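The lines below spell out each chain.
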Amino acid sequence: MALTGLDIYKQLPKKNCGECGPPTCLAFAMALASGKAALDSCPYVSAEAKENLDAASAPPIKLIKFGAGAALGDETVMFRHEKTFFHETTIVVRVSDKLSQAEIAAKVAEINDLTFERVGLQYTVQGIAIDNESGDAAKFATAVQEVAANSQLSLVLLTEDAAALKSALAPIADRKPLVGVATAANYEAMVEVAKGAGVPLLVRGENLDSLAELVEKITALGYKDLVLDSGSRTTSRVLADLTQLRRQAIKKKFRLFGYPAAAFTQEENPLDEIIQAGVYVAKYASMVVLNASKKEHILPLLTIRQNLYTDPQKPIQVEPKLHAVGEVSADSPVYVTTNFSLTYYTVQGEVEATRIPSYILAVDTDGTSVLTAYAAGKFEPEKVAELMQKFEVADKVNHKNVVIPGYVAVISGKLQELSGWKVVVGPREASGIVSFAKSNFGA
Amino acid sequence: MAVAIVKEKWQSRVGQVVIGATPEQGGTRTHTITIGGDSTLPFLHFEGEVVNRPAVAMEVNDVEPDWHPLLKEPFMDVINDPAAWAKKCVEEFGADLIYLKLTGAHPEGANRTPEQCAQTVKDVLAAVGVPLVIVGCEDDDKDNEVMAAVAEAAAGENLLLGLAQQDNYKSIVAACMVHKHSIIARSPLDINICKQLNILINEMGLPLDKIVIDPMIGGLGFGIEYAYSIMERARLGSLVNDKMLAMPMVCTVGYEANRAKEANVDVDEFPGWGELKDRAILWEAMTATTLLQTGASLLLMRNPEAVRLVKKNIDELMVSNA
Ligand code: SF4
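Here the structure is a predicted model, which is why all the values come from computation and not from measurement. (Residues numbered from 1 in each chain as written. Chains lettered and ligands numbered in written order. Predicted model: local features only at pLDDT ≥ 70, side-chain atom pairs only at ≥ 80, totals over all residues. Heavy atoms only, no water.)

Thoughts on the overall build of chain A
Okay, step 1: Looking only at helices and strands, chain A features 17 helices and 17 strands.
Okay, step 2: In terms of overall dimensions, chain A has C-alpha extents of about 75 × 65 × 35 Å along its principal axes.
Okay, step 3: For chain A, the proportion of its 443 residues judged to be buried stands at 53%.
Okay, step 4: Carbon together with sulfur atoms contributes 50% to the accessible area of chain A, which is approximately 18300 Å² in total.
Okay, step 5: Of the charged side chains in chain A, 45 are positive and 51 negative, and the gap between their average positions amounts to 5 Å. (Helix = DSSP H or I, 4+ residues; strand = E, 2+ residues; numbered from the N terminus. Buried < 20%, exposed > 50% of the residue type's maximum accessible area, 1.4 Å probe, protein only. Areas by Shrake-Rupley, 256 points an atom, 1.4 Å probe, with all protein chains shown as cover. Lys, Arg positive; Asp, Glu negative; His and termini not counted. Charge placed at Lys NZ, Arg CZ, Asp CG, Glu CD.)

Side note on the sheet that holds strand β12 (residues 287-290) of chain A
Residues and elements named next belong to chain A.
Okay, step 1: Ordered in space as β10-β9-β8-β7-β6-β3-β12-β11, the eight strands form an open sheet in which the pairing is parallel. Two strands in the sheet have a free side with no partner beyond their single neighbour: β10 (226-229) and β11 (262-264). If you compare each strand with its neighbour and ignore which way they point, the axes differ by 25° on average.
Okay, step 2: Strand contacts of helix α8 (residues 208-220): β8 (178-182), β9 (201-204) and β10, with the helix running at about 140° to β9, the strand carrying the most contacts. (Pairing = 2+ DSSP bridges. Axes fitted to C-alpha atoms, helices over the stretch in contact; angles between N-to-C directions. Contact = heavy atoms within 4.5 Å.)

Focus on empty space enclosed by the protein
Okay, step 1: Scanning the entire structure with this criterion turns up eight cavities of 30 Å³ or more.
Okay, step 2: As a volume, the largest cavity reaches approximately 150 Å³.
Okay, step 3: What lines the largest cavity is a set of 17 residues, among which A:Gln306, A:Ile316, A:Ser341, A:Leu342 and B:Glu225 lie closest to the centre.
Okay, step 4: Here the lining of the largest cavity is composed, by residue class, of nine nonpolar, six polar and two charged.
Okay, step 5: Both domains that furnish three or more residues to the lining of the largest cavity are identified here as domain 2 (64-308) and domain 3 (322-441) of chain A.
Okay, step 6: Volume-wise, the second largest cavity comes out at about 100 Å³.
Okay, step 7: What lines the second largest cavity is a set of 14 residues, among which B:Asp38, B:Pro54, B:Arg235, B:Ala296 and B:Ser297 lie closest to the centre.
Okay, step 8: Partitioned by chemical class, the residues of the lining of the second largest cavity number seven nonpolar, four polar and three charged. (1 Å grid on protein atoms, 1.4 Å probe; cavity = no way out; pocket = protein on both sides within 12 Å on 5 of 7 lines; lining within 4 Å. Points joined across faces, edges and corners; volume = space filled by probe spheres on them. Nonpolar A, V, L, I, M, F, W, Y, C, P; charged D, E, K, R; others polar. Domains from an automatic or database assignment.)

Some remarks on the pairing of strand β16 (residues 401-404) of chain A
Residue and element names in this part refer to chain A.
Okay, step 1: With two bridges joining them, strand β14 (residues 334-338) and β16 adopt parallel strand pairing. Residue pairing in the sheet places Tyr335 in a bridge with Val403 of β16.
Okay, step 2: At this point the chain moves from β16, through helix α16 (residues 412-419), to the parallel strand β17 (residues 422-425), and the crossover so formed is right-handed. (Right-handed = clockwise from strand over helix to strand, strands pointing away.)

What about a nonpolar patch on the surface?
Residue and element names in this part refer to chain A.
Okay, step 1: Taken together, the side chains of Leu6, Leu26 and Met30 make up a nonpolar region of the molecular surface, amounting to roughly 270 Å² of accessible area.
Okay, step 2: Examined against the element boundaries, Met30 turns out to sit in helix α2 (residues 25-33).
Okay, step 3: Met30 sits in the partly exposed class, given a relative accessible area of 46%. (Patch = residues over 30% accessible without salt bridge, like charges linked within 9 Å, V, L, I, M, F, W, Y side chains within 5 Å. Salt bridge = Lys/Arg side-chain N within 4 Å of Asp/Glu carboxyl O.)

As for the confidence of the model for chain B
As a note on interpretation, predicted positions should not be read in detail where pLDDT is low.
Okay, step 1: In this model, chain B carries a mean pLDDT of 96, and residues with pLDDT of at least 70 account for 100%.
Okay, step 2: Both scores are available for the predicted complex, with the pTM at 0.89 and the ipTM at 0.97. (pLDDT = per-residue confidence, 0-100.)

Printed below as a string of structure tokens:
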């Protein structure tokens, strides 16, 4: 349970010296309780009090980092509309050490290439998991080296053999991989390896109960850089477990589950696998390990991840300016739309499809759609005219025709008056742009 | 160590809506489909009841639709025969319901008469035993005429008819009441308009268990996150006993997913996106399964392969995790 300000106050030195920022220990305690201050700010707090209070001041789910920037956990809500989801699900592609060297090289090359450009954003998978499926320590070490030598992605080492882990880890320890798998049978040796290398440890139970037990034993050994796996593999059970792990951490502050959770897919067919992974991305997995590595399969998964981890309070925006689509010339049509990324890229896609190089003037509407912007007074003719001036549209083209969205047809008169341009009312929906361009610009 | 499972204590549940009517109930369907009824968040069997499995309705058009050739391919032998198309969806692709779009009614298109549309509905009813979801051509005036004719011709069938919208609902609601059908209430991603519309429809006399909410989703990559959060909020609302939000939700998955560029451009044009075939299947399936996680009860879909994936996902999620 979270501590109250008073609980915290009892543990403070009561010097009321104000060195922590707030004037008194009590004020500082209140700030701590609401998460607005860090305990480190008090130079006089005793080691014992610190130990007691760490639990209360720690985030409900610990942030775990590994490899080249993979960041898991530190989530604070069950539903994205309550605030936002912070650290997008880390997607890791599994490579078996049963594969030949050539097969590993091919798979790694394919995984390295899993980066995508869409709607102005870069999507990418974060890592590669090398799985000691062979059960052979030497094969595992070779496979790990092979992958490490050929990929800059974050690494995950998966074996239940602590000795195999130790020797595979040694040459690549500076890559700071996530390692595992700690189970009830091997956890002491696993903790030693992970602790020695200063890398986070993946812990696997057989269900939530045994996972809690195992985490308790591991944290008793003094190791707390953990990623949790309930051990479940069927979609429904994993959904329940991931939901429970998140709830226990956030709503009950159950410390043993205060670590990010990982999920492993089980489906063989890549399409089934992606759909299964999609459930885990939506519902609370901080990391998903899967086998699929074809672009057409991974793109939909990375897209849903990006969508759900978008901050609901901050719509994604494009720069409000005159954008050129294709090899523009003085004859290019000029379209006006909003700087809401979704709207802008939908329009851009359709303008591209007209195959007529064009300009798009993105009006700063604070990232709202045309209708919302207009209703909020953010799509006013004055503003559009001003932007046309600012970006010197008149110098870029040799005509004076500007196309506005059909939804704001009402501003056409005023805009015409202000800008001196002929205002053409375009279609309401972007999907109408191709046929609109055909009849207006003769493509 | 026994972990005490955290269960929310919800006060209420999602409303149930029955679609279709058997001969005993005044229709001709071989069976009905019931959606909604859950007393917890989606598929959390450990916490409450997941009463009815979400249903998949496959889209059939009365005129050849303007779809990507790959998407049309499985239907090419039946594309000009809505009855045969519907039969194929049920028998070969496992559609739980048929979603018939009377696009041909559009005044600027084939401009079919209300009588012709009603005949199409009768043909499809005769061809399949599953319940039907029927919408018009998205021209308000024409749709009002068409739906009145359809409702009458299929009186007693308990069709799920659309669309009632804030500025055009009276005529179709009246048709539903007189001829015993249910209705799709569409609102543009807005909880307040959604509730308001349900109240208006209910005030006309149509019971709440005859209303299904269409929250106007966005597809994967094109605003699905807005639908995701609105639907999640609506589901939470129904669980805390907000009766005017407690109707099951229907999602236009096939339409929204397949208008995305990612579901249409070939690998030659966008080498960075991989092969189109699987990408398009997943675009539609992922749109559907993501919305299942918010509480969608009825999915309107197109691609048979995506339907297969989604039905498999539903099978897996209907396994108890209590
Ligand atoms: S620095 Fe420590 S002792 Fe001084 S006021 Fe702050 S909490 Fe109290």
